[in-house]
Amino acid sequence: MLLESRSVSFSYGRRKVLDGVSFAIEGGDMMAILGRNGSGKTTLMRLLLGFLQPDDGDILIDGRDERGMSEREKAKAIAYIPQSTEMVYPYPVIDTVLMGRAPSLSIFERPGKGDEEKAENALSMLGIEHLRNRSVNELSGGERQLVMIARAMAQEARIILLDEPTASLDYSNQLLVMETMERLRTSGYAMLFSTHNPEQALMNATSVLVLSESRIAYSGSPEGLMDGSVLESLYSRRLCIKSIDTGENERIICIPR
Ligand code: ADP
């Protein structure tokens, strides 16, 4: 398994936020994390990134206990894409993508030709070469997310964590980012993303983890959520979840009753 959480528990002071959280993902998997505000999604991401240490349980990256890994080893294994609203430095796009190479360089080493090629390749694979010399803080939210995805690709980590990757994006950019994530998944990355949009979990994920009151309320396939019971109790709303034939493909909708 590329990323595994084994019975992980975590408290801030005396307040338990995660209790016995277990899951495992492999290359080609995309796991969605659903949960109300304050349910521990960000805390779980911070634990997986090694910014926080579990009180109990273990996190394994490619079978290795994260505690025994250096910061550099962790950075080579896991790329993290924050929300598009997070502050960014006004660097040109190409430099921002090149920063993804940092874990592979020694402290005083400058990126070389090979690193530049990896950054350029990531831009062209995502079709955003034209943004190369723009400053990241002048881009739209959707463009910025694609630049952050390019940076993760240049990093060559096989695990990508995304914190609400489509939050505050317009509908077209939401679809573009989800489609791009799907392309990365099918090319072998292990993807994990948090979302407040149940349709993304139902439609785009290969597995879903639902967090509620510090515990796992559901862990399994998106199909297992189709009867609505888990999501209805999560959101305290009656929902209608249906698979729809668009004429071109099957899509899933989740709307309130
Ligand atoms: P989510 O991302 O699902 O909204 P979080 O992981 O941010 O949830 O937060 C889970 C709970 O932990 C919340 O009740 C939040 O108030 C609390 N919390 C988050 N960060 C801290 C912190 N640094 N210190 C104390 N409590 C925190």
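Residues numbered from 1 in each chain as written. Predicted model: local features only at pLDDT ≥ 70, side-chain atom pairs only at ≥ 80, totals over all residues. Heavy atoms only, no water.

> Explain the side chain of E164 to me, and be specific about the residues and the numbers.
Position of E164 among the secondary structure elements: in the loop between β7 (159-162) and α6 (171-186). Of the side chains bearing the opposite charge, K41 lies closest to the buried E164, which forms no salt bridge; the N-O distance is 5.3 Å. Within the structure, E164 has its side chain in polar contact with the side chain of H196 (distance 3.3 Å). Apart from the residues within four sequence positions on either side, E164 is in contact with Q83, S194, T195 and H196. (Helix = DSSP H or I, 4+ residues; strand = E, 2+ residues; numbered from the N terminus. Buried < 20%, exposed > 50% of the residue type's maximum accessible area, 1.4 Å probe, protein only. Lys, Arg positive; Asp, Glu negative; His and termini not counted. Salt bridge = Lys/Arg side-chain N within 4 Å of Asp/Glu carboxyl O. Polar contact = N/O pair within 3.5 Å; in protein donor to acceptor, adjacent residues only side chain to side chain. Contact = heavy atoms within 4.5 Å.)

> Explain helix α4 (residues 113-125) to me, and be specific about the residues and the numbers.
For α4, spanning 13 residues, the distance from its first C-alpha to its last is 18 Å, which sits close to the expected 18 Å at 1.5 Å a residue. All buried positions along α4 are accounted for by D115, A119, A122 and L123. Seen end-on, α4 carries its buried residues on one side only, within an arc spanning 100°. Just past α4, the residue G127 takes up positive phi, approximately 70°. (Expected span 1.5 Å × (residues − 1). Arc of directions from axis to C-beta.)

> Go over the packing of aromatic side chains with me, naming the residues and quoting the values.
For any pair of aromatic rings, the description rests on two quantities: the centre-to-centre distance and the angle between the ring planes. Considering all chains together, one arrives at one aromatic pair under this definition. When the centroid spacing of 4.9 Å and the interplanar angle of 85° are considered together, the rings of F10 and Y12 count as edge-to-face. With a relative accessible area of 7%, F10 lands in the buried category. With a relative accessible area of 39%, Y12 lands in the partly exposed category. (Phe/Tyr/Trp six-rings, centres within 6.5 Å; stacked < 30°, edge-to-face > 60°.)

> Go over the environment of Y171, please, and point to the residues and values.
Its place among the elements puts Y171 in helix α6. Given a relative accessible area of 60%, Y171 falls into the exposed group. Measuring from C-alpha to C-alpha, the distance between Y171 and G142 comes to 9.8 Å, with 29 residues separating the pair along the chain.

> Give me the lowdown on the pattern of salt bridges, citing residues and values where you can.
For the structure shown, the criterion picks out 13 salt bridges. Ionic pairing is found between D19 and K16, a salt bridge with its closest N-O pair at 3.7 Å. For D19, a relative accessible area of 19% corresponds to the buried category. Residues R67 and D58 are paired through a salt bridge, measuring 3.0 Å at the closest nitrogen-oxygen approach. For R67, a relative accessible area of 44% translates into the label partly exposed. Take D58: its relative accessible area is 28%, and that puts it in the partly exposed class.

> I'd like to hear about the site of the ligand, residue by residue, with values.
Taken together, Y12, R15, V17, R36, N37, G38, S39, G40, K41, T42 and T43 make up the full set of residues adjacent to the ligand. A distance of 2.7 Å separates an oxygen atom of the ligand from a polar atom in the backbone of G38. The side chain of T43 places a nitrogen or oxygen atom 2.5 Å from an oxygen atom of the ligand. When the ligand is considered free in solution it has 560 Å² of accessible area, and contact with the protein chains removes 60% of it. (Near = heavy atom within 4 Å. Areas by Shrake-Rupley, 256 points an atom, 1.4 Å probe, with all protein chains shown as cover.)

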